[in-house]
Structures are given as C-alpha cells and as structure tokens.
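# Fold and geometry: a report
If you want the building blocks of each chain, they are given just below.
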Amino acid sequence: MKVLYIILGISAVVFAAVQLFAINGQQSIETYPYKVVKKYSSFEVRSYEATLFTAVKMSGNKYKESSSKGFSVLAGYIFGGNKDNEKIAMTSPVAMSLGDSTTMMFMVPKKFKRETLPQPNESQIEFREEPAKTVAAITFGGWADDQKIATNKQKLIAALEVEGIKYTDRFYFLGYNPPFEVFDRKNEIIVELEKSTADSFKL
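From a predicted model like this one, the values you see are computed outputs, not experimental measurements. (Residues numbered from 1 in each chain as written. Predicted model: local features only at pLDDT ≥ 70, side-chain atom pairs only at ≥ 80, totals over all residues. Heavy atoms only, no water.)

The next point concerns helix α2 (residues 63–78). Here α2 is 16 residues long and its end C-alpha atoms lie 22 Å apart, about the 22 Å a rise of 1.5 Å per residue gives. Among the residues of α2, Tyr63, Ser66, Ser67, Gly70, Val73, Leu74, Ala75, Tyr77 and Ile78 are the ones counted as buried. Buried positions along α2 lie against β4 (51–58), β6 (94–98), β7 (102–107), β8 (125–130), α3 (146–163) and β10 (167–175). (Helix = DSSP H or I, 4+ residues; strand = E, 2+ residues; numbered from the N terminus. Expected span 1.5 Å × (residues − 1). Buried < 20%, exposed > 50% of the residue type's maximum accessible area, 1.4 Å probe, protein only. Contact = heavy atoms within 4.5 Å.)

See the structure below:
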C-alpha cells in the first residue's frame, strides 16, 4: 500500500508539472491577432489582420482523423522537416476549415515572410496568405470532437440569424491547447461575414 501511495504521489507531481509547463508555454506562444468589434451574449464579432499560414489540405472531414493527420504533417515541417532543417516556433490557434474537405493551418510567426520561409520537404504543404477578415466567433471548452463542433456551429448560426447578421459558408474550427493540457481548454468556431455586413462593423 505504501508503494501505491508513493506511485500516486509521484504521478500527481508529474501531472501538475506537465500542466504548469503547458500553461506557461501557452502564455509565450504567438497568437493569431484580432480585435473584438462587438460582443453579443453568446458570440462576438472580430476583425483579423491579414496573416500568413502554412497549410495542408485533406480529403476527409472527420475531426479526429483530419486533425491527427494534418497536425502530423505541419508539425513535421516546423520541427525541422524542411530544406534548411530549421525549426519554426509553434503558434496558436491551430485552424481547420469545416466543409466537405479539411484544410489545417498553422500561423507563420511574424518574423517570417513568404520569401524567407524554408521550403517544406512535404509537397502537400503550401503557404497561404489569409486576407484581413471580419468574423463571428463562439467559444467552447473541453476536448473537441465532431459532435461538439457541429453543435457549436449550429449555435453560432442560430445566434447570427437572430441578430440578422449575414455570414458566408467559410467556417473554421480553432483549437488553442495541446492534447495533454487538461485545464482551461479553449476551442472556437468562427465564420467569415458577408462583405456588406463586415463593412457595417468596421471601426
């Protein structure tokens, strides 16, 4: 029994250390910059800057399969899987388009330009310049899955229709935490607004 208590104690210490490491790591990670334009009871409207991403497109649209495959490909690139064997800092959030197919995207740190990024070893990786955009965003916690993503997408759609806000079919999932982080997990569904609606929200 004493050995069991020791093992449990060591496990608790290791778990706490991993969570503290994850929290501290998140605070230093570069994030996709935006301004909150207007807050509603269940969602908010944001203005995002034009930003460069690395991206990989996959044929499937199931969250678990697509996120695992896409993350593996893009993480391989930033961890040195490129012509210069250069490591590139991780950023947040990881973005995934929601549709018949899935594109996963990592934001490129601001110190890089398209011309200065090392060329990927994987041919399916592309560099994508996302233009400035106005979006609506809804936030939810816990670990994401297909059901939670679908539920929150519908919640966002319903809230937008109540407010008479016109939106496009360009929906994205944003995930902010590594898989091993347990506390304060943050996920979002965002959708780009129609141009006439977006213009009405400009500051």
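Applying the stated rule across the entire model yields 9 aromatic pairs. Aromatic pair tyrosine 34 and tyrosine 48: ring centres 5.1 Å apart, planes at 50°, arrangement tilted. Placement of tyrosine 34 in strand β2 (residues 34–39) and of tyrosine 48 in strand β3 (residues 44–48) is noted, with a sequence separation of 14 residues between them. With relative accessibility at 31%, the residue tyrosine 34 sits in the partly exposed group. Judged by its relative accessible area of 2%, tyrosine 48 is buried. By way of ring pairs, the aromatic residues Tyr32, Tyr34, Tyr48 and Phe53 are connected into one cluster. (Phe/Tyr/Trp six-rings, centres within 6.5 Å; stacked < 30°, edge-to-face > 60°.)

A word on the pairing of β6. Sheet faces and side chains relate simply in a regular strand, where the side chains alternate between the two faces. The buried count for β6 comes to 4 of 5 residues, which makes it a mostly enclosed element. Pairing of β6 with β10, which is carried by 5 bridges, proceeds in the antiparallel orientation. Bridging from a neighbouring strand, valine 94 pairs with glycine 175 of β10. The sheet contact formed by β6 and β7 spans 2 bridges and is antiparallel. Looking at the pairing, methionine 96 lines up with methionine 104 of β7. Counting the residues that bridge the hairpin from β6 to β7 gives 3 residues. (Pairing = 2+ DSSP bridges.)

Here we come to the environment of proline 131. Summarising the element assignment, proline 131 is placed in the loop between β8 and β9 (133–140). As a C-alpha pair, proline 131 and alanine 50 span 81 residues in sequence and 4.3 Å in three-dimensional space. Among residues more than four places away in sequence, those in contact with proline 131 are Glu49 and Ala50.

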